[in-house]
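Fold and geometry: a report
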Amino acid sequence: MAAAEKPIPKLPPLPGSKEYQRIESKKQMELDKALRELVLGAQVVTEPGETAFYFMTRKGKLRRLELTPAQAKQLEDGALAVVERPEPAQIEHSLVPAATAEQMFALSKKSVRFLNRTESPIGFMSDDDVKAQQAAEAAGTAPEIPDEPEGGEGSAEAAAPPPEGSAPEGGSSEPQAQ
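Definitions and cut-offs
Residues numbered from 1 in each chain as written. Predicted model: local features only at pLDDT ≥ 70, side-chain atom pairs only at ≥ 80, totals over all residues. Heavy atoms only, no water. Core = buried A, V, L, I, M, F, W, Y, C linked by side-chain atoms within 4.5 Å. Buried < 20%, exposed > 50% of the residue type's maximum accessible area, 1.4 Å probe, protein only. Helix = DSSP H or I, 4+ residues; strand = E, 2+ residues; numbered from the N terminus. Contact = heavy atoms within 4.5 Å. Pairing = 2+ DSSP bridges. Axes fitted to C-alpha atoms, helices over the stretch in contact; angles between N-to-C directions.

Once that is clear, we can look at the nonpolar core. Leu-35, Val-39, Ala-81, Val-83, Val-96, Ala-98, Ala-101, Met-104, Phe-105, Val-112, Leu-115 and Ile-122 together form the largest nonpolar core, which totals 12 residues. The set of elements that each furnish at least two residues to this core consists of helix 2 (18–42), strand 3 (80–86) and helix 4 (98–107). Looking at which element gives the most residues to this core, the answer is helix 4, with four residues. When neighbours within four sequence positions are excluded, Val-96 is seen to be in contact with Val-39, Ala-42, Gln-43, Val-44, Ala-79, Leu-80, Ala-81, Val-83 and Ala-101. Ranked by size, the runner-up nonpolar core spans nine residues in total, among them Phe-53, Leu-65, Leu-75 and Phe-114.

A few words on the sheet that holds strand 3. Spatially, the three strands line up as an open sheet ordered 4-3-5, and their pairing is antiparallel. Both edges of this open sheet fall to strand 4 (91–97) and strand 5 (112–114), since each of them pairs with a single strand only. Put simply, the sheet's adjacent strands are angled 35 degrees from each other on average, direction ignored. Here helix 2 sits on the sheet in contact with strand 3 and strand 4, set at roughly 135 degrees to strand 3. On top of the sheet, helix 4 reaches strand 3, strand 4 and strand 5; it is set at about 130 degrees to strand 4, its chief contact.

Quick look at the side chain of Thr-100 now. Relative to the helices and strands, Thr-100 is located in helix 4. Since its relative accessible area comes to 8%, Thr-100 is described here as buried. Once you skip the residues sitting within four places of it in the chain, Thr-100 turns out to touch Leu-38 and Ala-42.

This part is about the pairing of strand 3. By the criterion of burial, strand 3 is predominantly enclosed, with seven of the seven residues buried. Burial along strand 3 is two-sided: the residues Leu-80, Val-82, Glu-84 and Pro-86 and Ala-81, Val-83 and Arg-85 are all buried. Strand direction decides the pairing type here: strand 3 and strand 4, joined by seven bridges, are antiparallel. Looking across to strand 4, one finds that Ala-81 is bridged to Val-96. Between strand 3 and strand 4, which pair antiparallel one after the other, the connecting turn spans four residues. Note: strand 3 against strand 5, two bridges, orientation antiparallel. When the sheet's bridge partners are listed, Val-82 is paired in strand 5 with Phe-114.

Structure (structure tokens):
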């Protein structure tokens, strides 16, 4: 009779099931909403100018912002950052203060596309890396990079000085999937 009084605890849904997917989708929507609110609350207006600033998207494509020299200098100094602003239909990119980018990085490492931190820069590419990536994209040979893992090493490509810009991506695609 004591066994009848204790209800059987409900088990969490199995990975891959529709219920599990629904829960994961809801979590992602809540995360996107939190990130969007952070960006919209602290977004810096992009001032169009003559300085081209390049950054890498989540898919490994090079994007360019035409900025004033003052805003480009703030990005180089680490006062501003380029982050993703998840909209319902697409992902846009915005400039935000470094403190906001750090908050976003704590929520989702993938949402910060460029932040020049002194201890571990995110998304930093040398001029040679940018030129090599532009040439690869123009030739159609640029590899599409899968989403970065959420672990702390997701932005290791920027901190480690590889001999070629493509070395970190090429070695990390297959083994980490296991």
